[in-house]
Amino acid sequence: MSDDKPDLARWEAAAAKEVKGKDLTWNTPEGIAVKPLYTAADVAGIDPGLPGFAPFTRGVRASMYAGRPWTIRQYAGFSTAEESNAFYHRNLKAGQKGLSVAFDLATHRGYDSDHPRVTGDVGKAGVAIDTIDDMKILFDGIPLDQMSVSMTMNGAVIPVLAFFIVAGEEQGVPMAQLDGTIQNDILKEFMVRNTYIYPPEPSMRIISDIFAFTSQNMPKFNSISISGYHMQEAGATQVQELAFTIADGMEYVKYGVASGLDIDKFAGRLSFFFAIGMNFFMEIAKLRAARVLWHRVMTKLGARDERSKMLRTHCQTSGVSLTEQDPYNNVMRTTIEAMAAMLGGTQSLHTNALDEAIALPTDFSARIARNTQIVIQEETGMTKVVDPLGGSYYVESLTQELVDRAWEIIEKVEAEGGMAKAVAAGWPKAMIEEASAAKAARIDRGEEIIVGVNKYRLANEEEIDILDVDNHAVREAQIRRIQAVKAGRDEAKCQAALAALTEGARGGANLLALAVDCARARATLGEISAAMEAVFGRFGTTPTPVRGVYGGAYGDDRRWSGLVEGVETITRRKGRKPRMLVAKMGQDGHDRGANLVSSAFGDLGFEVVAGPLFQTPKEAAELALKADVDVVGASSLAAGHKTLIPELIQHLKDAGRGDIKVVAGGVIPAQDYQFLRDAGVQGIFGPGTNLVHAATEVLRLLGHNQPPEGFEEAAE
């Protein structure tokens, strides 16, 4: 009988013999040792319960997808409201079930399209919304009493939500019937995404005001989507993403209660948003662990209604896992990630398109992304069983491991006074940036495989068709509409509404209620934002890159040592270290790439000047001149490179410093490389560029032409 059921010791001996003594344990970036075999002993004492019952490990509904599949909610928006509206209609006709609106960066940052700081941002990474007319056009022909609408908005959340409410009103839909979600998660903006407007304290007040208004007037509307997505995109491990997201949720609930709200009156309308990356089982376990943790947290905070303790989440497949190189591999990556979200029990899902590493999706790529979900729902049979991986030794053990590790971080946050204080102290952001730098070094060294990037590279890459938005044409059209709205409104009524909003910011009135009055009076988004900025001010920060993490991963790597020697050679020749400005121009706050470059070049021995976020080309040029840099590294992630970088180069030339080298990195399609070279860019580093390769090219530009030993063979 023992031969039919071998014990663990015999299995270990057999496995060791097969792999000749090799250790099969895998250490994840989270520090979790994953064994090659899990047995009943690993889940002893773990009871995942049943779907639909506390603590909801196995799902928030008893029937889950066997009763109704998740909502296909593709995140989309670009150019003008008219273009986005047409895109939405095409997607809804093709099987999409809910809308998820992407706004451009000018809108996110509370600027109208005619503001001089946003010349390169209008319509490029989302739809431009300046007025109530834009919002009405965006949803033209889409009945807001029948369609669930998610809006990714945080900084300018007050005017955008006010426009949405009034657009519904003027469509004949009272606000009580509006269904959907507003992201409204400002803490993660201060941590990783940086698309904020006001300082932390008034930003938290805005969130409380939205909780109060929606709980009283919009019973079907989710007043916040607490987002871990951007944390993982910024480089966080899954444990960090999980812990900090739950801790953010705790903080928001505490603020809502402190403002006088009954926890069970608003907590049931909170939702979450997680990233789904390529660590398949880790992502499944993360969603299961999140539900356990949220139930624990809400019980601790005094919630009585089980709905208040039920974590409901939207998920999006990882953007940072997409590659510019061999981009059709992204179809497989997105499919794998979509399956992980489904097996983890998401309530709605966005699947990224294959070309989103370099541009907004085309109709062709968006259709493949959308159909990925439809095929899983309609063809695979995966939706027929509730929590099909429930009871898996590995999944249940991993779920518990994530619960325990995330809880340790949450307890640290609470011991230090909550997430708002932790964010102000900066240590969560520092943890994420260290994890990001370590991951980048693993990829560059080939320790973490990315197919088509650092292994199985194509000899020649073919260009793919991309969507290119004419920023100048969109901005001109938006300016004309702003002018028309202002010309047709009752100016005295509008200014009175804006003045009341400013007074409300000074006092204790509900800001969303006052902004709805402003929207009805045809105030613009920029005017509503400025009315509050007059009291709150505008928040700004300069990145502080981590040091030692990237370089520390290389140790005695001879390519790295050769680069360090090259920097030292230039230092001796110039009498000082080579100096680089890492510039972030435009309104894009994503700073992962810029921080990685700053960290890597700093570890090599460069003197790195980390420019503040949201600079204009003129401001970046002035900083480059003041710091007397040798090279400017312009980081572009939101398609503003064709406008912003040529302006920067011209400002340097006008100042007589055309000798300063300008290189560009980030989300830059290969189709735009020649345009940038013609404008004077001397080095272009697209998504997935190995930073050792980039540093070699920058040193060459600075006059050091000797590649580090072993560089060529490593490149092959």
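Residues numbered from 1 in each chain as written. Predicted model: local features only at pLDDT ≥ 70, side-chain atom pairs only at ≥ 80, totals over all residues. Heavy atoms only, no water.

- For the chain, the name recorded in an unreviewed UniProt entry is Methylmalonyl-CoA mutase, with Rhizorhabdus histidinilytica as its organism.
- Note on the chain: under the UniProt heading Cofactor (unreviewed entry), the record states "adenosylcob(III)alamin".
- Its UniProt record, at the heading Sequence similarities (unreviewed entry), says of the chain: "Belongs to the methylmalonyl-CoA mutase family." (UniProt positions renumbered as here; feature names shortened; annotations may be inferred.)

## Some points on the packing of helix α17 (residues 427-444) against helix α24 (residues 592-604)
Part 1 of the reasoning: The geometry of α17 relative to α24 is characterised by a closest axis approach of 10 Å and an angle of 70° between their N-to-C directions. With respect to α24, the axis of α17 lies roughly perpendicular. For the pair α17 and α24, the contacting residues are Glu 433, Ser 436, Ala 437, Lys 439 and Ala 440 in the first and Arg 592, Asn 595 and Leu 596 in the second.
Part 2 of the reasoning: Grouping the constituent residues of the contact of α17 with α24 by class yields 3 nonpolar, 2 polar and 3 charged. (Axes fitted to C-alpha atoms, helices over the stretch in contact; angles between N-to-C directions. Helix = DSSP H or I, 4+ residues; strand = E, 2+ residues; numbered from the N terminus. Parallel < 35°, antiparallel > 145°, perpendicular 65-115°, else oblique. Contact = heavy atoms within 4.5 Å. Nonpolar A, V, L, I, M, F, W, Y, C, P; charged D, E, K, R; others polar.)

## A few points about helix α10 (residues 238-258)
Part 1 of the reasoning: Helix length check: α10, at 21 residues, gives a terminal C-alpha distance of 30 Å against a target of 30 Å (1.5 Å per residue), a fit within 8%.
Part 2 of the reasoning: Extensive coverage of α10 is indicated by the burial of 17 of its 21 residues.
Part 3 of the reasoning: Among the residues trailing α10, Gly 260 stands out with phi positive, at a value near 105°. (Expected span 1.5 Å × (residues − 1). Buried < 20%, exposed > 50% of the residue type's maximum accessible area, 1.4 Å probe, protein only.)

## Comments concerning the packing of aromatic side chains
Part 1 of the reasoning: Tallying each qualifying case throughout the model produces 20 aromatic pairs.
Part 2 of the reasoning: Look at Phe 139 and Phe 164: their rings are 5.7 Å apart centre to centre, the planes differ by 70°, and that puts the pair in the edge-to-face class. Highlighted residues: Phe 139 in the loop between α5 (132-138) and β5 (149-152) and Phe 164 in helix α6 (residues 157-170), separated in sequence by 25 residues.
Part 3 of the reasoning: The interplanar angle of 75° and the centroid separation of 5.0 Å between the aromatic rings of Phe 601 and Phe 606 together place this pair among those described as edge-to-face.
Part 4 of the reasoning: The exposure class assigned to Phe 601 is buried, which follows from its relative accessible area of 2%.
Part 5 of the reasoning: Overall, the relative accessible area of 3% leaves Phe 606 in the buried class.
Part 6 of the reasoning: Here Arg 296 stacks its cationic end above the ring of Trp 407, 4.7 Å away from the centre of that ring.
Part 7 of the reasoning: Lying across the ring of Tyr 554, Arg 445 places its NZ or CZ 5.3 Å from the centre. (Phe/Tyr/Trp six-rings, centres within 6.5 Å; stacked < 30°, edge-to-face > 60°. Lys NZ or Arg CZ within 6 Å of the ring centre and 35° of its normal.)

## Examining the packing of α6 against helix α21 (residues 525-536)
Part 1 of the reasoning: Close contact between α6 and α21 brings their axes to 9 Å; oriented N to C, the two are set at 135°. Looking at the two axes, α6 sits oblique to α21. When you trace α6 past α21, the crossing you get is right-handed. Along the contact surface, α6 presents Ile 158, Pro 159, Val 160 and Phe 163, while α21 presents Leu 525, Ile 528, Ser 529 and Met 532.
Part 2 of the reasoning: For the contact of α6 with α21, a count of residues per class yields 7 nonpolar, 1 polar and no charged. (Left-handed = near helix turned anticlockwise from the far one by under 90°.)

## Notes on the nonpolar core
Part 1 of the reasoning: Phe 244, Ile 246, Tyr 252, Trp 294 and Met 419 are the most contacted members of the largest nonpolar core, which has 82 residues in total.
Part 2 of the reasoning: In terms of residue count, helix α12 (residues 280-300) provides more of this core than any other element does, 11 residues in total.
Part 3 of the reasoning: For Phe 244, the residues in contact, after removing those within four places along its chain, are Met 191, Met 231, Ile 409, Val 413, Met 419, Trp 427, Pro 428, Met 431 and Ile 432.
Part 4 of the reasoning: Counting 61 residues, the second-largest nonpolar core is a separate cluster that includes Leu 99, Met 147, Met 153 and Leu 161. (Core = buried A, V, L, I, M, F, W, Y, C linked by side-chain atoms within 4.5 Å.)

## Brief notes about the sheet that holds strand β16 (residues 683-685)
The strands making up a sheet associate through backbone hydrogen bonding, with each pair oriented either parallel or antiparallel.
Part 1 of the reasoning: Reading across from one edge, β13-β12-β14-β15-β16 is the order of the 5 strands in this open sheet, with parallel pairing throughout. The open sheet is flanked by β13 (607-610) and β16, the only strands paired with a single partner. With direction set aside, neighbouring strand axes in the sheet form an average angle of 20°.
Part 2 of the reasoning: Inspection of the sheet shows strand β12 (residues 579-584) paired to strand β14 (residues 631-636) by 5 bridges, in the parallel sense. Paired with Lys 584 across the bridge in β14 is Ser 635.
Part 3 of the reasoning: Together, β14 and β15 (661-666) form the strand contacts of helix α26 (residues 641-654), whose direction differs from that of β15 by roughly 165°.
Part 4 of the reasoning: Packed onto the sheet, helix α28 (residues 691-701) meets β12, β14, β15 and β16 and runs at close to 170° relative to β16. (Pairing = 2+ DSSP bridges.)

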